[in-house]
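Close look at the chain arrangement
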Amino acid sequence: MPTAEEPPGPTDSPSIRALVSVVARKRYLLLVRYPVNTASQFLTVFAFFLAIFFAGSAVAGASLTDSIDGIIVGFFLWTLATVAYSGLAWNVTREAQWGTLERLFMSPHGFGRVMGVKTSVNVAESFLWAAGMLVLMLATTGRRLAVDPLTVVPLGLLTLGSVVGIGFVFAGLALVYKRVENVFQLVQFGFIGLIGAPVEAVPALRALPLSHGSYLTRRAMADGVRLWAFPAWELALLAVTSVLYLLAGYAVFVLAQRRARREGLLGQY
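Let me begin by describing the structure that accompanies this report. (Residues numbered from 1 in each chain as written. Predicted model: local features only at pLDDT ≥ 70, side-chain atom pairs only at ≥ 80, totals over all residues. Heavy atoms only, no water.)

Now for the side chain of S162. Tracing the backbone shows S162 in helix α6 (residues 149-177). What makes S162 buried here is its relative accessible area of 4%. Polar contacts involving the side chain of S162 include one to the main-chain carbonyl oxygen of T159, which spans 3.1 Å. Beyond its immediate stretch of four places on either side in the chain, S162 contacts P209, L210, S242 and Y245. (Helix = DSSP H or I, 4+ residues; strand = E, 2+ residues; numbered from the N terminus. Buried < 20%, exposed > 50% of the residue type's maximum accessible area, 1.4 Å probe, protein only. Polar contact = N/O pair within 3.5 Å; in protein donor to acceptor, adjacent residues only side chain to side chain. Contact = heavy atoms within 4.5 Å.)

This part covers the pattern of salt bridges. Counted according to the given criterion, the structure contains five salt bridges. Of the charged contacts, one joins R27 and E125 as a salt bridge, the two residues approaching to 2.8 Å between their closest N and O atoms. Residue R27 is located in helix α1 (residues 16-33), and its partner E125 is located in helix α5 (residues 111-141); the two are separated by 98 residues in the primary sequence. We note a salt bridge from R206 to E234, for which the minimum N-O separation is 3.2 Å. Note that R206 is positioned in the loop between α7 (181-195) and α8 (211-223) and E234 in helix α9 (residues 232-262), a separation of 28 residues in sequence. The exposure classification of R206 matches that of E234, with both residues buried. Ionic contacts of the salt-bridge type, sharing partners, join the residues R206, R219 and E234 into one network. (Salt bridge = Lys/Arg side-chain N within 4 Å of Asp/Glu carboxyl O.)

Among the nonpolar cores identified, the biggest contains 62 residues, and F76, Y85 and F191 are the most heavily contacted of them. Secondary-structure elements contributing two or more residues to this core are α1, α2 (35-60), α3 (65-98), α4 (101-105), α5, α6, α7 and α9. Broken down by element, this core gets its largest block of residues, 17 residues, from α3. Leaving out residues up to four positions away in the same chain, F76 has contacts with A130, A131, L134, M137, V152 and M221. (Core = buried A, V, L, I, M, F, W, Y, C linked by side-chain atoms within 4.5 Å.)

Coordinates in, geometry out; function isn't part of it.
This is the structure:
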């Protein structure tokens, strides 16, 4: 046991590396132990894309070529946003259903840090899902996009900041009100409107979640614009809106968490 003069050893405080490992392994096991559920989630999104692509081809014909790149990028972003958001919001609901939510509050890491690690794992998972979806969409359509990791990954992370903020809001609602799954699903479809928002025609829409990041990502992937070629003010706006939505969402989550603990709602479902 370390004395007052000795620095604490590596085993005297909870290891963040061990926490990341446990959370990532738990998420991996949930995916592989329920393969039908995992595959159906992925294929449902891909089937949605196929319906739009083939129906559009039948109706619009060759004119669809002018917009197909934007549709592919839009579905890529929608997959990113949906997995990152739903992973966070649904996580709290499942923990409550399983009766393990209170254990997270008793973790030596603290509930906030546990949720932060879960969020990071969800974001990493969302990139894997979106990358797989992008490969299938490009193979189906025969299109080629500029996929520069040094551009797409930073833009994707900044774009997801606002989405994670929304996820924290609904995770907080799940702590207090428990069954809010129908609202979760409505928000996912709301992302489609935000991704397709006409920010060039209506600049004020850049302040909405996802909208400005979607615009920059479309330019990067469809037009081949590199990260350093964007005007500094556009990147700064994306970073500021992302951070503001993330902080606001986490603040709502903290308030909901305090209310749930005060009213003894953590052990109830």
